[in-house]
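Overview (structure and organization)
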Amino acid sequence: MLDSLPRNAVVRANRVFVALRKSGHVSNSRSPVFHAVTPFCRMSLCADEPGPGSGWAEPPGEHVTCAACIRRLARLRLQR
Ligand SMILES: [Zn+2]
C-alpha cells in the first residue's frame, strides 16, 4: 500500500495525508489553499470539503498551506 502513495504524502500517527486543493476556478489574485486530505477521503483535516459536484484537484501539492490543517498536523505529530 505504501508504494502507491504520492511521494509527497505526509504520515502522522498512522494516518496518511496529501496536500490537495479544491478543483474549479482559481482566481489569480489568491493562490490556492492546499489542505491535508486523506486519500479517497472527502473531508480534509480541518473538516473542509469541496462543494457538491466538485472534488479535490490533482496532482497533490508539495506542501499543505491551510493554516488549520497545519495546526492539526502539528498536533498529530505531538501524539507520537
Ligand atoms: Zn485545511
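For clarity, every value in this text was computed on a predicted model and none was experimentally measured. (Residues numbered from 1 in each chain as written. Predicted model: local features only at pLDDT ≥ 70, side-chain atom pairs only at ≥ 80, totals over all residues.)

As for the pairing of strand β2 (residues 15-22)
The condition that has to hold: Pairs of strands are assigned from DSSP output, requiring at least two bridges between the strands. Secondary structure elements follow DSSP: runs of H or I no shorter than four residues count as helices, runs of E no shorter than two count as strands, and numbering proceeds from the N terminus.
Two strands pair when backbone bridges link them, and strand β1 (residues 10-12) and β2 are joined in this way by 3 bridges, in the antiparallel orientation. In the strand pairing of β2, V10 is matched with F17. Connecting the antiparallel pair β1 and β2 is a turn made up of 2 residues, with A13 showing a positive phi of about 50 degrees. Pairing geometry for β2 and strand β3 (residues 35-37), over 3 bridges, is antiparallel. Among the inter-strand pairings, V18 is bridged to a residue of β3, identified as V37. Of the strand pairs in this sheet, β2 and strand β4 (residues 56-61) are connected by 3 bridges, and their pairing is antiparallel. Bridging from a neighbouring strand, R21 pairs with A57 of β4.

Some points on the nonpolar core
Convention followed: Only buried residues count toward a nonpolar core: Ala, Val, Leu, Ile, Met, Phe, Trp, Tyr and Cys, linked into one set through C-beta atoms within 7 Å. Counting other C-beta atoms within 10 Å of its own, a residue is labelled buried from 20 upward, exposed at 12 or fewer, and partly exposed in the gap between, with every C-beta atom placed from the backbone.
The biggest cluster of nonpolar side chains holds 14 residues, and the ones touching the most others in it are F17, A19, L20, F34, A36, V37 and V64. Counting residues per element, the ones that place at least two in this core are β2 and β3. For this core, the leading source of residues is β2, giving 4 residues.

Some remarks on the confidence of the model for the protein chain
Stated formally: pLDDT gives the predictor's per-residue confidence on a scale running from 0 to 100.
Across the protein chain, the average pLDDT comes to 85, with 85% of residues at 70 or higher. Per-residue pLDDT, averaged within each element of the protein chain, yields its smallest value for β1 (86) and its largest for β3 (96).

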